Amino acid sequence: MKAFIFDLDGVLVSTENNHFLAWQRCAHSLGIEFSEKENELLKGVSRIDSLKKILELGKKTIANDEFDRLLKSKNDFYLESIQDLNQDNLLPGVLAVLQSAKAHGILLGVGSSSKNANFILDKLKIQTYFDVVIDGNGVRNPKPDPEVFINGAKALDLSPAECLVFEDAASGIAAAKAGGFTAVGVGNPHIAALADIYLNDLTEFRIEEHA
Ligand code: B16
Ligand code: MG
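Residues numbered from 1 in each chain as written. Chains lettered and ligands numbered in written order. Predicted model: local features only at pLDDT ≥ 70, side-chain atom pairs only at ≥ 80, totals over all residues. Heavy atoms only, no water.

(A) Spatial organisation of the coordination of the magnesium ion (ligand 2). Protein coordination at the magnesium ion (ligand 2): the donors are D7 (OD), D9 (O) and D168 (OD), at 2.1 Å from the metal. All donor residues of the magnesium ion (ligand 2) come from one chain, and their arrangement in sequence is D-x1-D-x158-D. Linking D7 in the loop between β1 (3–6) and α1 (16–29) with D168 in the loop between β4 (163–167) and α8 (170–178), this pair joins segments that are 161 residues apart in sequence. When its relative accessible area of 4% is taken as the criterion, D168 is described as buried. (Donors = N, O, S within 2.8 Å, 3.2 Å for Na, K, Ca; no water. Helix = DSSP H or I, 4+ residues; strand = E, 2+ residues; numbered from the N terminus. Buried < 20%, exposed > 50% of the residue type's maximum accessible area, 1.4 Å probe, protein only.)

Right under this line is the structure:
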């Protein structure tokens, strides 16, 4: 493989629980039941599509200005909850994989649905490892559409067949596979059967098998 493209939330850093708590607060404010089970549907899904899914779950419709107010309130709560994020919050094995990939001359990218990706990468102090970052600000069609990963491969001047995609969400695995990438599922047993390769965390990744 010539490049590794990483999802951010749930693969490099465990911000998924912060998203969950922020969406749960939002859903409860609408009187909609929202547990880890429902949250699984939102992983890797854009902010707007996530709120649409919550409203579908609760069979509710709301006015556009209320929709926008809830999006802002969810994001404000989420950002407040990750204020203290730092390099200690990287998931197990992340730094070692980034370092050994660099040593093997493998290009590195981020392919995230999050509009907060650069803010988070900045807090984690790992931007310098990445040759390209494609985030929720840079795509028209969010995951499960493959656009985010295809844009990443294009920016690296590679074909999807030359890139491994690391993902923790069903929407992201679907995006990777639809784009013709090999999909490595990480840290979420719900996606083990969907991925081409499955790892409990990145400490299990053997770079010699993919370099
Ligand atoms: P934001 P990823 C995704 O990031 C998260 O998995 C998902 O829970 C979140 O709703 C989405 O980003 C949008 O995030 O509200 O920060 O723009 O997993 O694709 O890195
Ligand atoms: Mg994710």
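And the narrative resumes.
(B) Quick peek at the pairing of β1. The side-chain alternation of β1 yields two buried faces, one formed by A3 and I5 and the other by F4 and F6. Sheet topology note: the β1/β4 ladder contains 4 bridges and is parallel. Residue pairing in the sheet places F4 in a bridge with L164 of β4. (Pairing = 2+ DSSP bridges.)

(C) Just the pattern of salt bridges, in detail. Applying the stated criterion across every chain, the model contains 8 salt bridges. Between K2 and E162 there is a salt bridge, with the nearest N and O atoms lying 3.2 Å from each other. Of the two residues, K2 is situated in the segment before β1 and E162 in the loop between α7 (147–155) and β4; the sequence distance between them amounts to 160 residues. Looking at K2, the relative accessible area reads 47%, which means it is partly exposed. Note that E66 is salt-bridged to R69, the shortest N-O span being 3.0 Å. Of the two residues, E66 and R69 are both situated in helix α4 (residues 64–81); the distance of 3 residues between them amounts to about one turn of the helix. Note on E66: relative accessible area 27%, which makes it partly exposed. Beyond isolated ion pairs, a larger network of salt bridges with shared partners links D7, K143 and E167. (Salt bridge = Lys/Arg side-chain N within 4 Å of Asp/Glu carboxyl O.)

(D) Structural view of the nonpolar core. Ranked by internal contacts, the top residues of the largest apolar core, which has 34 residues, are F4, F6, F130 and F166. Where this core is concerned, the elements lending two or more residues are β1, α4, α5 (94–103), β2 (107–111), α6 (117–124), β4 and β5 (182–186). Here this core spans two domains, and each of domain 1 (3–14 + 87–209) and domain 2 (16–81) adds at least three residues to it. Setting aside its immediate chain neighbours within four residues, F6 contacts V11, L12, V97, L98, L108, G109, V110, G111, F130, F166 and L202. Counting 19 residues, the second-largest nonpolar core is a separate cluster that includes V139, V165, I173 and A175. (Core = buried A, V, L, I, M, F, W, Y, C linked by side-chain atoms within 4.5 Å. Domains from an automatic or database assignment. Contact = heavy atoms within 4.5 Å.)

(E) Examining the site of ligand 1 more closely. Taken together, 18 residues are adjacent to ligand 1, and E16, S112, S114, K115 and N116 come closest. With respect to ligand 1, the side chain of E16 contributes an N or O atom lying 2.4 Å from an oxygen atom. Backbone polar atom of K115 to an oxygen atom of ligand 1: 2.7 Å apart, as the coordinates give it. Contributing elements (two or more residues each) for the shell around ligand 1: α1 and α3 (47–57). Grouping the amino acids of the shell around ligand 1 by side-chain chemistry returns 3 nonpolar, 7 polar and 8 charged. Formed jointly, the shell around ligand 1 draws a minimum of three residues from each of two domains, domain 1 (3–14 + 87–209) and domain 2 (16–81). (Near = heavy atom within 4 Å. Polar contact = N/O pair within 3.5 Å; in protein donor to acceptor, adjacent residues only side chain to side chain. Nonpolar A, V, L, I, M, F, W, Y, C, P; charged D, E, K, R; others polar.)

(F) Here's a closer look at the packing of α1 against α3. The interhelical angle for the contact between α1 and α3, taken along N-to-C directions, is 40°, at an axis separation of 11 Å. The angle between α1 and α3 places the two elements in the oblique class. Between α1 and α3 the crossing geometry is right-handed. Packed against α1, whose contacting residues are W23, C26 and A27, the element α3 presents R47, S50, L51 and I54 at the interface. A per-class count over the contact of α1 with α3 returns 5 nonpolar, 1 polar and 1 charged. (Axes fitted to C-alpha atoms, helices over the stretch in contact; angles between N-to-C directions. Parallel < 35°, antiparallel > 145°, perpendicular 65-115°, else oblique. Left-handed = near helix turned anticlockwise from the far one by under 90°.)

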